[in-house]
Amino acid sequence: MIQYIIRRFLYAIPLLFGVNVLTFVLFFIVNSPDDMARMQLGQKHVTEQAVENWKQQRGYHLPLLWNDQQQGIKKVKETIFYQKSVNLFLFQFGISDSGRNIGADIKQRMWPSLAVALPTLLVGLLVNITVALMMVLFRGSYLEFSSIVLCVILMSISSLFYIIGGQFVIGKLLKLVPISGYDGGLDAIKFLVLPVIISVIAGIGSGARWYRTLFLEEVNKDYVRTARAKGLTETQTLFRHVLQNALIPILTGVVVVLPLLFMGSLILESFFSIPGLGSYTIDAINRQDFAIVRSMVFLGSVLYIFGLLLTDISYTIVDPRVRLS
Amino acid sequence: MKRTSQKTCLLLTLIVSLVLSGCDDLQLNNPYSDSEAGQTVLYSSFTERPKHLDPAISYSANEYALIGQIYEPPFQYHYLKRPYTLEPLTAEKMPDISYFDAEGKQLSDKVDAENIAFTEYLITLQQGIKFQPHPAFAKDKQGNFLFHQLSQQQLDSINSLVDFKVADSREVTAEDYIYQIKRLAHPKIHSPVAELMKQHIVGLTEFSKQIAKKKLVNIASIPISGVEFVNQYQYRIRIKGKYPQFIYWLAMPFFSPMAWEADVFYSQQGLIDKNITLDWYPVGTGPYMLVENNPNRRMVLEKNPEFHPAYYPSEGEEGDRERGLLEDAGEKLPFIDKVVYILEKETIPYWNKFLQGYYDASGIASDSFDQAVQFTGQGGEELTPLMKGKGIQLQTAVATSTFYMGFNMLNPEVGGDSERARKLRRAIAIAMDYEEHIAIFMNGRGVSAQGVLPPGIYGYQTGQAGINPYVYDWGNGQAQRKSIEVAKQLMIEAGYAEGIDNKTGEALILYFDTAASGPDDRARLNWYRKQFEKLGIQLVIRATDYNRFQQKMRSGNAQIFIWGWNADYPDPENFFFLLYGGHGKVKYGGENAANYQNAEFDRLFEQMRNMENGSERLKIIRKMEAIVRYDAPWLFGLHPKNFSLYHSWYQNLKPNLMANNTMKYKRIDALKRVELRKKWNRPVFWPLIVLVIMFGAILIPAINAYRRRAKETMQ
Amino acid sequence: MTILWTDALIFFLVLMMLVLGFYLRGKEHLRRPIGKVTASRVGMMSLVILVFFGMIGLLDSIHFKPANDKSNEIISLLDYWTTSIRQQQEKTYSSPFAAYSYSKENITTDDGRQLWTYPRLKYGGAHLKNPDIKKTHDIMQKAAIGFTKGAGLFAFFFILLLSFFKERKQTILKGTAAKPVWMIIFIIVSGSYMLIDLSGFYHVLGTDKVGEDVFYQAVKSIRTGLVIGSLTTLIMLPLAIIFGIMAGFFRGWVDDVIQYIYTTLNSIPGVLLIAASILMVQVYMANNEDQFTSLVVRADMRLLFLCLILGVTSWTGLCRLLRAETLKLREMEYVQAAQALGVRRRIILMRHILPNVMHIILISVVLDFSSLVLAEAVLSYINIGVDPTTYSWGNMINSARLEMAREPIVWWSLMASFLFMFTLVLAANIFADTVRDAFDPRRADND
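How each quantity is defined
- Residues numbered from 1 in each chain as written.
- Chains lettered and ligands numbered in written order.
- Predicted model: local features only at pLDDT ≥ 70, side-chain atom pairs only at ≥ 80, totals over all residues.
- Heavy atoms only, no water.
- Helix = DSSP H or I, 4+ residues; strand = E, 2+ residues; numbered from the N terminus.
- Contact = heavy atoms within 4.5 Å.
- Buried area = accessible area lost by both parts, 1.4 Å probe.
- Salt bridge = Lys/Arg side-chain N within 4 Å of Asp/Glu carboxyl O.
- Polar contact = N/O pair within 3.5 Å; in protein donor to acceptor, adjacent residues only side chain to side chain.
- Nonpolar A, V, L, I, M, F, W, Y, C, P; charged D, E, K, R; others polar.
- Phe/Tyr/Trp six-rings, centres within 6.5 Å; stacked < 30°, edge-to-face > 60°.
- Buried < 20%, exposed > 50% of the residue type's maximum accessible area, 1.4 Å probe, protein only.
- Lys NZ or Arg CZ within 6 Å of the ring centre and 35° of its normal.
- Domains from an automatic or database assignment.
- Pairing = 2+ DSSP bridges.
- Axes fitted to C-alpha atoms, helices over the stretch in contact; angles between N-to-C directions.
- Core = buried A, V, L, I, M, F, W, Y, C linked by side-chain atoms within 4.5 Å.
- Expected span 1.5 Å × (residues − 1).
- Parallel < 35°, antiparallel > 145°, perpendicular 65-115°, else oblique.
- Left-handed = near helix turned anticlockwise from the far one by under 90°.

Undergrad: Is there a simple way to think about the side chain of T390 of chain C in this case?
TA: Tracing the backbone through its elements, the reader meets T390 of chain C in the loop between α14 (345–381) and α15 (393–400). With residues near it in sequence (within four places) discarded, T390 of chain C still touches R522 of chain B together with T224, A299 and N395 of chain C.

Undergrad: How do you make sense of the interface of chain C and chain A when you look at a structure like this?
TA: Accessible area lost upon the coming together of the parts serves often as the stated size of an interface. Across the contact, 45 residues belong to chain C and 44 residues belong to chain A. Summing both sides of the interface, chain C and chain A together bury roughly 3800 Å²; the carbon and sulfur share of this comes to 76%. A per-residue breakdown of the area chain C buries against chain A is headed by Y260, L272 and Y381 of chain C, which together make up 15% of the total. At the junction of chain C with chain A, the criterion picks out one salt bridge. Here R209 of chain A and D433 of chain C are joined by a salt bridge, their closest N and O atoms 2.7 Å apart. Scanning the region where chain C abuts chain A turns up five residue pairs in polar contact (both at pLDDT 80 or more). Sorting elements by how many residues they give to the side of chain C that touches chain A places helix α16 (residues 412–439) of chain C first, with eleven residues. Tallied by class, residues from the side of chain C that touches chain A come to 29 nonpolar, eight polar and eight charged.

Undergrad: For this particular structure, what's the right way to read the packing of aromatic side chains?
TA: Taken as a whole, this structure holds 57 aromatic pairs over all chains when the rule is applied. A centroid spacing of 5.6 Å and a plane angle of 70° characterise the contact between W249 of chain B and Y569 of chain B, whose relative ring orientation is edge-to-face. Note that W249 of chain B is positioned in helix α7 (residues 246–249) and Y569 of chain B in the loop between β22 (560–566) and α18 (573–576), a separation of 320 residues in sequence. Taking relative accessible area as the criterion, W249 of chain B reaches 1% and is therefore assigned buried. Centroid distance W565 of chain B to F577 of chain B: 5.4 Å. Interplanar angle 70°. Geometry classified as edge-to-face. Taken together, the residues span a long stretch of sequence, with W565 of chain B in strand β22 and F577 of chain B in the loop between α18 and α19 (585–588) at a distance of twelve residues. We note that W565 of chain B, like F577 of chain B, is buried. Each residue in the set Y59, Y248, W249, F254 and Y569 of chain B is aromatic and connected to the rest through ring pairs, giving one cluster. The ring of F118 of chain B has R238 of chain B lying over it, and the distance from NZ or CZ to the ring centre is 4.8 Å. Its guanidinium or amino end placed over the ring of F249 of chain C, R330 of chain C lies 5.5 Å from that ring's centre, counting from NZ or CZ.

Undergrad: Sorry, what's going on with the pattern of salt bridges here?
TA: Side-chain pairing between opposite charges can occur once the charged atoms of the two side chains come close. Residues and elements named next belong to chain B. Using the criterion set out here, one finds 46 salt bridges over all chains in the structure. For K81, the salt bridge goes to E315, with nearest N and O atoms at 4.0 Å. With K81 in the loop between β2 (75–77) and β3 (86–88) and E315 in the loop between β10 (298–303) and β11 (338–343), the pair connects residues that are 234 residues apart, well separated along the chain. Assessed through its relative accessible area of 29%, K81 is described here as partly exposed. Taken together, the shared-partner salt bridges in this structure form one network comprising E120, E228, R236 and R238.

Undergrad: Please clarify how the domain arrangement of chain C should be interpreted in this entry.
TA: Residues and elements named next belong to chain C. Each assigned domain of chain C is listed with its residue range as follows: domain 1 (5–66 + 213–446) and domain 2 (91–199). Contact with domain 1, which involves 17 residues of that partner, is made by 15 residues of domain 2. Roughly 1400 Å² is buried in total at the junction of domain 1 and domain 2, and carbon and sulfur atoms are behind 77% of that figure. Here domain 1 is connected to domain 2 by zero salt bridges. There are one residue pair in polar contact (both at pLDDT 80 or more) connecting domain 1 and domain 2. Elements with a contribution of two residues or more to the side of domain 1 that touches domain 2: α2 (28–39) and α3 (41–59). Here the side of domain 1 that touches domain 2 takes six residues from α3, the largest share from any one element. A class-by-class count of the residues in the side of domain 1 that touches domain 2 yields twelve nonpolar, two polar and three charged.

Undergrad: Whenever I open this one, the sheet that holds β10 of chain B confuses me. Can you help?
TA: Strands belonging to one sheet form pairs held by backbone hydrogen bonds; the direction of such a pair is parallel or antiparallel. Residue and element names in this part refer to chain B. Read from one edge to the other, the open sheet built from four strands follows the order β1-β11-β10-β9, with strand pairing classed as mixed. This sheet does not close on itself; its edge strands, each paired only once, are β1 (41–46) and β9 (288–294). Along the sheet, successive strands turn relative to each other by an average axial angle of 20°, direction set aside. In this structure, β9 lies alongside β10, joined through six bridges in antiparallel fashion. Bridged to M289 within β10 is E302. The sheet strands contacting helix α2 (residues 61–70) are β9, β10 and β11, and the helix crosses β10 at an angle near 25°.

Undergrad: In this structure, what is going on with the nonpolar core? I would like to understand it.
TA: As a rule of thumb, soluble globular proteins bury nonpolar side chains together. L306, W393 and F420 of chain C are the most contacted members of the largest nonpolar core, which totals 166 residues. Viewed by domain, this core spans two of them, domain 1 (5–66 + 213–446) and domain 2 (91–199) of chain C, each represented by three or more residues. If sequence neighbours within four positions are ignored, L306 of chain C has contacts with I228, I274, I278, L379, I384, G385 and V386 of chain C. One finds L53, L204, W249 and V628 of chain B within the second-largest nonpolar core, a separate group that totals 130 residues.

Undergrad: I tried to follow the interface of chain A and chain B on my own but got confused; where do I start?
TA: On the chain B side, the residues contacting the 60 residues of chain A number 60 residues. Applying the counting criterion to the chain A and chain B interface returns one salt bridge. Across the pair D183 of chain A and R297 of chain B runs a salt bridge whose closest N-O atoms are separated by 3.6 Å. Our count for the chain A to chain B interface comes out at eight residue pairs in polar contact (both at pLDDT 80 or more). With six residues, helix α6 (residues 102–137) of chain A is the largest single contributor of residues to the side of chain A that touches chain B. Across the side of chain A that touches chain B, the residue classes break down as 23 nonpolar, 22 polar and 15 charged.

Undergrad: Would you take a moment to explain helix α7 (residues 142–155) of chain A for this structure?
TA: Residue pairs spaced three or four apart in an α-helix point in one direction, given the helix's 3.6 residues per turn. Taking 1.5 Å per residue as the helical rise, α7 of chain A with its 14 residues ought to reach 20 Å, and the 20 Å between its terminal C-alpha atoms agrees with that figure. Residues of α7 of chain A that are buried: L143, E144, S147, C151, V152 and L154 of chain A.

Undergrad: Explain the packing of α14 of chain C against α15 of chain C to me, please; I cannot follow it from the model alone.
TA: The description of two packed helices rests on the angle between their axes and on the distance between the axes. All names here are of chain C. In the contact formed by α14 and α15, the axes pass within 7 Å of each other and the chain directions differ by 45°. As summarised for this structure, α14 and α15 are arranged oblique, according to the angle between their axes. Where α14 crosses over α15, the handedness of that crossing is right-handed. Along the contact surface, α14 presents V373, E376, A377, S380 and Y381, while α15 presents W393, G394, N395, I397 and N398. Looking at side-chain class alone, the contact of α14 with α15 contains five nonpolar, four polar and one charged residues.

Below, the structure written as structure tokens:
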């Protein structure tokens, strides 16, 4: 097991290297260091000298990938690519183009993102499973049919409409919650209610349908028929057998996304001005602060790979038949 | 049946409790903690976190809104007086100015500008002004600084400035003002005005070279030849030649005092790694100090306990007394205890919160304009009944900025000094109907420009004499755009009859370069195209991102573009220099984006910029305007008009486009605010209850159906 | 006739679909699932709607420069036919079927007085002398006439069809899904005829901030939605199929390399990848300005690139599915037998593997379609979607969300984009469900 994990970690290194090269190439084709400097220095009275100074200070004066003026190993080391990406592997994100420490910012903004994403995941899971169970329980009735229709309808609505509509009705017309904002500690709850509700509703359509198919697959299996034949009621079979067996795919599905929760939701956070990592990323894109974007790409990749690893491990835990090799 | 009745019971209690609580003064949507309710806290917002709060670097309006309250340069603009006049802020009086020739002999005030080699400003400071309390000043009993060399152990417990338990203050001296000037010159600081100031202040260039390799903390002791420490409360700045506008720079945060202790304190790597830098935690002398800076969420200003005595002005412009602006005359400043800036990126939530009373002031987004403002018969504007009902106040002011459509004068098609190109430019100037532009895209919030200077700047002319005679006629007491026929005639004269190029026989194609990419921009770009179509010209729009656009401007590849300029200080020089040949963008990397070069204009500019305001200067300004109107390197666009809304509890408001430290004059009636907020924010519960009932109604038959089926399977 | 990049690709796609349809026509193992799809009422109804949308999209994909027009504009056939709606531009907002503007203005009356009131629209309801009284009646009348005309048109073609295929009358009329399908065609034909008729006199869905007809915008957006939904799959399919099957079939280092590629791509947050690529296109266009002199061409390039990059980010899912399936198929007896007999690998792949993973490809294509259409809106919000000058529902929502703060609220732009997008996505989702039910072997067993 431990050997396996170590191997997976080693496997992650070329992956992350690939990610780094790709993002690096993408962003530096687009934006030369000169552009970055001008972007950050503003519009009024910018001189060539100021641009040079800026690049020098931020380490963007070096060649991109290969330094001909240096000797030996320094040919690789004294380049923007080396200097900027090696530190990423040590999780030292450096300073952003606008001059703030990215690591400190990420640490700070991680929590609001989690505060939205985690309740959304949990409540969403609960609601989706409940709805799916209901659909299975009432299968064949008008209720199931209308729920499926409702699910398809919910799925066909763009998430933007949920956000705009939710803010308009609950925040503006009914005045039940603050329209947007965030606060630390327990005060955050009143700000989180609306985003969480909205993202749960937006997720019901696809979520409930997915769980329904999972349950239906189980319901048609032989052991369920046996259980029913033994005289268990519909509810009992459903909760005791079906739910329990369907939990494996549900759990593993959840585990994959767990690490990615840190990354936050891009749109939701901007709309509700929640200072999480999602809005951090969007801001960085809009301001073309690529030091931040690079860091976020790297972080996202790491978390994704970590999620894959977690899934594998959780498989072995819930299902002893699976062996990691 | 029993279970259903239980459920109904539960439901009923729920409804009753909700309805009951609804009758209370419940404010479920209050985004602030209840403890702040009765305090005089001003709530404002920022859409993008400020990039810099270091007064040597910061150079944009949103940053000045903050540091204007924290840092104090020696002079300031009078809050109420118009035209804008300077008055001492931390200085005792206005500076003593003396002129010298090249030999160092003092000259009289009346002497011509050409003979003046140097000007000296002697600034006398008020005594007893102190810095805000700050850990950088904290000393132990032996007189050693407590926090200038933090150990790792100390650093571990520190995450923001609040975590320092000890803070101290000290008196400001002339040394601190000089130190700030030195900081401007340091290459590491990247001050945006460094290059500009090097052109003016004697010895700054040499100083900058001398200290280039030195650390910031070590430069305090190295002298600059042009900046002299006289005594603790006096210092002297020597500038090259005569440059009367220099006094305006002395009223900008660039010249506010900076304590060397602050730089030493903030240069510790351990603090930098935690984003605790001078760029984020200012150390000033002003009425407020930044106590919380979380650019990801909010920034909080609180009263500076060490603030020097300052009083509300007792005189103002005519009519200020009637408007109630002088009621607080002589009262001690500041009035508001605390200012909270909250991150708010979207305009909709901001506007809605403003209407709910959770923000005290708001601009008007173009989408909510109709909701807020209506025009009266004679082009005046007033609030809609909805706004009036809430007691909201409206203030308008024409900004001291200009937006223009520039022609790249280096471009062979539209640029150059030929009669053909000039006529083409003028024809376009007539065709571009900026009045319509203002009406459609800005809800009438702007005035079309007649020349380089915006209203409120010395030399701006109203009435018939002030119109641009090549584009406008005077009629019915107002400027009227010439008819499109005049423009078409100009096109024929230029050799582009009906937009067909005489030489090639093909339609004239012009290129418009822009960095615009917002959702509203499509309509705007379409509109531009339509204006050009009136003359038969095809306008091709080359939209790109901001960096690319800038690059094009620098390399002179742009043809037609739209750009704006916001006044640094209220002097015509600050606008005419945008057309000065020596500031050409392509050749010199300056701000003359149109790359306009006209020998006569340049000569007049050089003459005008060193003059004091007066009839002679006015004459030159008129001449310069006439030249630019004739050559038309710019198509004068518009001057935006700012509309701001304020709630009734917000007082002492007068738009001041130059001053950035006006927070201290403003006043808030917190009790009235609490009242009104309660009134406006009663939560509505019944739809929720209806929803619950509906859900129950759906569930009941389903449960019944299920029961029936369960029974069937049992049997 | 001007052919834009996306136009060419769309027609290529249509051609491919026709070829594929022709190729699959006689295949025995597909007859049952196809029969199942055609028998599904909702499925067929949504297919009709999809085809209708598709036809509008195709009309909007034939671009040309009008001969008699001096302006350098490239327009599509759809633009040409809707010239009147396109050019009937008001000054600013007006609500659906309005005769008056939505915001007050200063008007000088005939006797020289200044009035602050709602002005009459230039085009909307301009034919009415007294709109306050006559408007409702006029709208009803025009709607009824339009509907009848449309119904007449439908009846004409219906009878024509019947008389041509007399002997196959039974299948046309009696199939399980025949009635609802004819019903929905009837509604679409008469309904759109009615809307077109009304659009000549009113702004059926109001006008936006600069007075442009919202109905026209929403219709124009159809093409953008379809292009993003379909071209992306066109780009991702070859990648996914080739890599997926190769990885599963060859295993070994090929598998390792392909897995490495898709895990790398997958682990980069999609939005960031898209942002970088969109910036790249802009740089490319800025550097090669001569090739992009027209707004339409620029916008088209960006759209194409968006499809490209969406394709690159979304092929990995299908690739993984195909790899797993191929791994399974590879161990099947007939494949093993073919290998043992020395049949060339290429032939095995083409003959045995590809046809047997076809259902997975088909299902994932229809499933992806709707999510891509939805994604476009979100991307436009972050400013990395289609060009802001392109008509798209995303852009409409993006500019309309500010209108929600107005009082009185401007709801029609948002509502129009919602309705159109919802109809398309709903139809696509339902159709996808039908296809999945029909083609998924596991589901087939269950029934």
